[in-house]
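Topology and contacts: notes
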Amino acid sequence: MTSSTRVTGLRKHLAGVLGVAFILLLWQAAAWALPDFLMPGVPTVVLRLLHDLGDPGFHQSLMGTLGRLGAGYGLALLAGVGFGLVAAVLYFFREVLRSAIVILQSIPSIAWVPLFLIVMGFGSAPIIVVVALAAFFPAALSVMNATESVQRVHVSAARVMGATRWGLIKRVYLPAVMPELITGAQLAFGNAWRALISAEMLIGFGKGLGRSLAYSGEIADMSGVMMNILVIAILAALIDQLVLENLKHRLLRYQYV
């Protein structure tokens, strides 16, 4: 790692710390301006979080949310990457898929909840499908758009050497679209996370951070509301930075030398 790379990394971390500090400062300023029962301060909410960390109910909510995220987000990535790569070698399929995505992605994923509840009943299944639907579109579009930028000469050379369609997908398109695939996965995670929390709040079934947030609001427990919002924000940042960013650096290490 060069000195310039280290300096860039330090600047990035410093910018992240300053961003978090700015948000906390705005939060505390709002707490000073409003009554405690409307806006609890940062120390109050942090103490509430530390207390609830030992609560089995909090652990169940956390595990419920992460389990639904893993199922829905994983399903969306598999389907999005798979459909995007198949679209690279089947032109007509690509155009059909692109047209369908343009239409369907304009509909908020949370709008499908009533239909999924009627079809699947109460449970985790409708929430997982909503999450998968929200994450599928950016994953598939990022892969499809990346395949269009693959140089034709590489595709022609592979065909001359006898590559089948599966060979083209595996040895030409997949390596070429890897950077955009990782970026699409990060965009898909943001969509999946927001859809997950919204669906848990709306459906109100079982354990989950969204359900805990909604319940705290129903009983006017503002420290509980802010604590759940804080946990949701922390988890999203940890997953994006510690999991997805590290994965991007490992898979694309040649870009960070």
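Values in this document were obtained by computation on a predicted structure and should not be read as measured data. (Residues numbered from 1 in each chain as written. Predicted model: local features only at pLDDT ≥ 70, side-chain atom pairs only at ≥ 80, totals over all residues. Heavy atoms only, no water.)

For the rest of this paragraph, the subject is the nonpolar core. The nonpolar side chains of a soluble globular protein tend to be buried with one another. Core analysis: the biggest nonpolar cluster contains 50 residues, and Leu69, Tyr73, Ile101, Phe189 and Trp193 have the highest contact counts within it. Tryptophan 193 has contacts with Thr65, Leu69, Ile232, Leu235 and Ala236, leaving out every residue within four places of it along the chain. In terms of nonpolar packing, the next biggest core, distinct from the first, is built from seven residues, Leu85, Val143, Val177 and Leu181 among them. (Core = buried A, V, L, I, M, F, W, Y, C linked by side-chain atoms within 4.5 Å. Buried < 20%, exposed > 50% of the residue type's maximum accessible area, 1.4 Å probe, protein only. Contact = heavy atoms within 4.5 Å.)

Looking at the second largest pocket, its volume works out to about 320 Å³. Among the secondary structure elements, those contributing two or more residues to the lining of the second largest pocket are helix 2 (42-52), helix 3 (56-89), helix 9 (209-218) and helix 10 (222-251). Sort the elements by how many residues they give to the lining of the second largest pocket and helix 9 lands first, with five residues. Grouping the amino acids of the lining of the second largest pocket by side-chain chemistry returns five nonpolar, seven polar and six charged. (1 Å grid on protein atoms, 1.4 Å probe; cavity = no way out; pocket = protein on both sides within 12 Å on 5 of 7 lines; lining within 4 Å. Points joined across faces, edges and corners; volume = space filled by probe spheres on them. Helix = DSSP H or I, 4+ residues; strand = E, 2+ residues; numbered from the N terminus. Nonpolar A, V, L, I, M, F, W, Y, C, P; charged D, E, K, R; others polar.)

What follows deals with the UniProt feature "transmembrane region" (unreviewed entry) in the protein. When the UniProt feature table is mapped onto this chain, "transmembrane region" (unreviewed entry) is found at residues 71-93 and 225-244. Taken end to end, residues 71-93 comprises 96% helix and 0% strand; its first and last C-alpha atoms sit 26 Å apart. End C-alpha atoms of residues 225-244 are separated by 27 Å, and the span's content is 100% helix alongside 0% strand. (UniProt positions renumbered as here; feature names shortened; annotations may be inferred.)

Their axes nearest at 7 Å, the elements helix 3 and helix 9 cross at an angle of 130°. As far as their axial angle goes, helix 9 and helix 3 are oblique. Each of Ser61, Leu62 and Thr65 in helix 3 lies in contact with helix 9, whose residues at this interface are Leu209, Gly210 and Ser212. (Axes fitted to C-alpha atoms, helices over the stretch in contact; angles between N-to-C directions. Parallel < 35°, antiparallel > 145°, perpendicular 65-115°, else oblique.)

With that settled, the discussion passes to the pattern of salt bridges. On inspection of all chains with the given rule, the structure shows four salt bridges. A salt bridge links arginine 48 to aspartate 52, with the shortest nitrogen-to-oxygen separation between them at 3.1 Å. One end of the pair is arginine 48 and the other is aspartate 52, both in helix 2 and four residues apart, which spans about a single turn. Among the ionic pairs, arginine 48 bridges to aspartate 221, the shortest N-O distance being 2.9 Å. In this pair, arginine 48 sits in helix 2 while aspartate 221 sits in the loop between helix 9 and helix 10, placing the two residues 173 residues apart along the sequence. Overall, the relative accessible area of 24% leaves arginine 48 in the partly exposed class. Given the relative accessible area of 18%, aspartate 221 is considered buried. (Salt bridge = Lys/Arg side-chain N within 4 Å of Asp/Glu carboxyl O.)

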